[in-house]
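# Geometric and topological summary
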Amino acid sequence: MSDEEYSKLSEKEIREQVAKLDGWKVVSGKINKTFEFEDFVQAFSFMTRVAMEAEKMNHHPEWFNVYNRVRIDLVTHDVGGISNYDIKLAKTIDRLAKG
């Protein structure tokens, strides 16, 4: 895990940071994105790669998988909202989704 501390973002910071992400949006106080793959094996492989990186960060997504779709919600329960780690993990997830 990084030495960086979890830091809750303000509403303005959330808007600014989420606008820089590809396809992420704020839904019910969490940042959210749905990924679609060719089949279940690709979706599950993606989830495995995300799980390995999330564990390194000690920051874990809320997610839901149905066949070839993976919906991910990110929020930091410890700070009661969206944090710098949610943005960092979203960027990592996007990188992993591209291959």
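Since the structure is predicted, the reported quantities are computational estimates derived from the model, not experimental observations.

Scoring rules and cut-offs
Residues numbered from 1 in each chain as written. Predicted model: local features only at pLDDT ≥ 70, side-chain atom pairs only at ≥ 80, totals over all residues. Heavy atoms only, no water. Core = buried A, V, L, I, M, F, W, Y, C linked by side-chain atoms within 4.5 Å. Buried < 20%, exposed > 50% of the residue type's maximum accessible area, 1.4 Å probe, protein only. Helix = DSSP H or I, 4+ residues; strand = E, 2+ residues; numbered from the N terminus. Contact = heavy atoms within 4.5 Å. Phe/Tyr/Trp six-rings, centres within 6.5 Å; stacked < 30°, edge-to-face > 60°.

## As for the nonpolar core
Core analysis: the biggest nonpolar cluster contains 24 residues, and W24, I31, F46, I72, L74 and I93 have the highest contact counts within it. Going through the elements one at a time, helix 1 (11-19), strand 2 (30-36), helix 2 (40-57), strand 4 (69-74) and helix 3 (84-97) are the ones with two or more residues in this core. Once residues lying within four places of it in the same chain are set aside, the contact partners of L74 are W24, K30, I31, P61, I82, D86, L89, A90 and I93.

## Details of the packing of aromatic side chains
Summed over all chains, the structure comprises five aromatic pairs. Between F40 and F44, the ring centres sit 5.8 Å apart and the planes meet at 35 degrees, which makes this aromatic pair tilted. With F40 and F44 both in helix 2 and four residues apart, this pair spans about one turn of that helix. The class of F40 is partly exposed, set by a relative accessible area of 38%. Note on F44: relative accessible area 46%, which makes it partly exposed. Here the aromatic cluster, defined as three or more aromatic residues joined through ring pairs, consists of W24, F35, F37 and F46.

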